[in-house]
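# Summary of the model geometry
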Amino acid sequence: MQPLIDNARMFGQRPEEFAELAQGQSPQVLFITCSDSRVVPALITGARPGELFELRTAGNIVPPYACEHPTSEAATIEYAVEVLGVRDLVVCGHSHCGAVGALVRGDDLDAVPAVRDWLASATPRPQGAAEDPAVAEGVQGHVLAQLLRLRSYPCVEAKLAEGRLTLHAWYYEVHTGAVLAHHPQTDAFTAL
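Residues numbered from 1 in each chain as written. Predicted model: local features only at pLDDT ≥ 70, side-chain atom pairs only at ≥ 80, totals over all residues. Heavy atoms only, no water.

## Observations concerning the overall build of the chain
Which entries qualify depends on this criterion: Comment: elements are numbered from the N terminus, with helices defined as DSSP H or I runs of at least four residues and strands as E runs of at least two. Note on method: radius of gyration uses C-alpha positions; expected globular size equals 2.2 Å times residues raised to 0.38. Type-normalised accessible area, obtained with a 1.4 Å probe on protein chains alone, sets the label of each residue: buried when under 20%, exposed when over 50%, and partly exposed for intermediate values. Any two residues having at least one pair of non-hydrogen atoms within 4.5 Å are treated as being in contact. For accessible areas, the Shrake-Rupley method is used with a probe of radius 1.4 Å. Any residue's cover is judged against the shown protein chains and nothing else. The sign given to each residue is positive for Lys and Arg and negative for Asp and Glu; His and the chain ends receive no count. Here the site of a charge means atom NZ of a Lys, CZ of an Arg, CG of an Asp or CD of a Glu.
Scanning the chain for helices and strands turns up seven helices and six strands. Starting at the N terminus and ending at the C terminus, the chain contains elements arranged as α-β-α-β-α-β-α-α-α-α-β-β-β. For 192 residues, the compact-globule formula gives about 16 Å, and the C-alpha radius of gyration of the chain, at 18 Å, lands near that figure. With the principal axes as the frame, the chain shows a C-alpha extent of 50 × 45 × 35 Å. Relative to its full complement of 192 residues, the chain shows a buried share of 39%. Taking the intrachain contacts of the chain between residues at least 6 apart in sequence as the baseline, contacts between residues at least 24 apart amount to 62%. Carbon together with sulfur atoms contributes 55% to the accessible area of the chain, which is approximately 10,700 Å² in total. In the chain, 13 positive and 23 negative side-chain charges are present, and the distance between their average locations comes to 2 Å.

## Focus on the pairing of strand S4 (residues 166-172)
Rule in force here: At least two bridges found by DSSP between two strands are what make those strands a pair.
Within S4, five of the seven residues are buried, leaving the element largely enclosed by the surrounding structure. Across seven bridges, the pairing between strand S3 (residues 88-94) and S4 is parallel. By the bridge assignment, His 94 is partnered in S4 with Tyr 172. Pairing analysis gives three bridges linking S4 to strand S5 (residues 179-183), with the strands arranged antiparallel. From the neighbouring strand, Tyr 172 faces S5, where its bridge partner is Val 179. A loop of six residues connects S4 with S5, the two strands running antiparallel in sequence, and Gly 177 in this loop sits at a positive phi of about 85°.

## Structural notes on helix H4 (residues 98-105)
Most of H4 sits out of view: six of its eight residues are buried. Every buried residue of H4 is listed here: Ala 99, Val 100, Gly 101, Ala 102, Leu 103 and Val 104. Contact partners of the buried residues in H4: helix H5 (113-120) and helix H6 (136-150). Within two residues after H4, Gly 106 carries a phi angle of roughly 70°, on the positive side.

## Details of the packing of aromatic side chains
Quick reminder of the rule: Between rings of Phe, Tyr and Trp, where Trp is taken as its six-membered ring, a pair exists when centres lie within 6.5 Å; planes separated by under 30 degrees are stacked, by over 60 edge-to-face, and by other angles tilted.
Applying the stated criterion to the full structure yields three aromatic pairs. Look at Phe 31 and Trp 170: their rings are 5.8 Å apart centre to centre, the planes differ by 80°, and that puts the pair in the edge-to-face class. Here Phe 31, found in strand S1 (residues 29-34), pairs with Trp 170, found in strand S4; they are 139 residues apart in sequence, far enough to count as distant. Among the residues examined, Trp 170 registers a relative accessible area of 16% and is labelled buried. Between Phe 53 and Tyr 79, the aromatic rings sit 6.0 Å apart at their centres with planes inclined by 35°, giving tilted as the arrangement. Taken together, the positions of Phe 53 in strand S2 (residues 52-57) and Tyr 79 in helix H3 (residues 72-83) put the pair 26 residues apart, joining distant regions of the chain. A relative accessible area of 15% places Phe 53 in the buried class.

## Here's the deal with the pairing of S3
Judged by how many residues are buried, S3 sits mostly within the fold: six of seven residues are covered. Examined bridge by bridge, S1 and S3 share five bridges and lie parallel to one another. When the bridges of S3 are listed, Ile 32 appears paired with Val 91.

## Some points on the nonpolar core
Selection rule: Buried Ala, Val, Leu, Ile, Met, Phe, Trp, Tyr and Cys residues that are joined via side-chain atoms within 4.5 Å together make up what is termed a nonpolar core.
The biggest cluster of nonpolar side chains holds 39 residues, and the ones touching the most others in it are Leu 30, Ile 32, Ile 77, Val 81, Leu 89, Leu 150 and Val 156. Contributing elements (two or more residues each) for this core: S1, S2, H3, S3, H4, H6, helix H7 (154-162) and S4. Per-element accounting of this core gives the leading share, five residues, to H4. Phe 31, Val 39, Leu 52 and Cys 92 belong to the second-largest nonpolar core, a separate cluster that totals eleven residues.

Laid out in structure tokens, this is it:
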């Protein structure tokens, strides 16, 4: 913890670098990814403060849209699309994902009921080789399922119909640093 505290102390000693951020934000991209500590959107993309609007969830799960009982994820997506006017929305899964791996393997998660119930909202259950530690196939299929779910959000559906929003599916390899993007024409993930 101490190195983090030391950096935080130093970070606040450069106010001139951050003064204009007080004027507001206008990110062009909503980046949805896993909460995994090895996945750092600004590091992966080279984004500076104010350039990415981030949504981090266990397993980069996009829950079903519901007005009656809204989730924080749905509120974040709606805010990014309607208020901030993001033009691009990226769902980025990653290799060695514990959440997707648990789903692919069918792990018993009864000891962590909140995790179990959250992951249950990831339906359909990702498919893939249970023996693959990177769970590449499972994660890539899971990312595409989350994009499909995003299309059911009214704000996303409307902006897509207007041509004012583009969806992207990415797969980040934590063991190499490579980023692959899904290409609908070939239905394959290839290097950016």
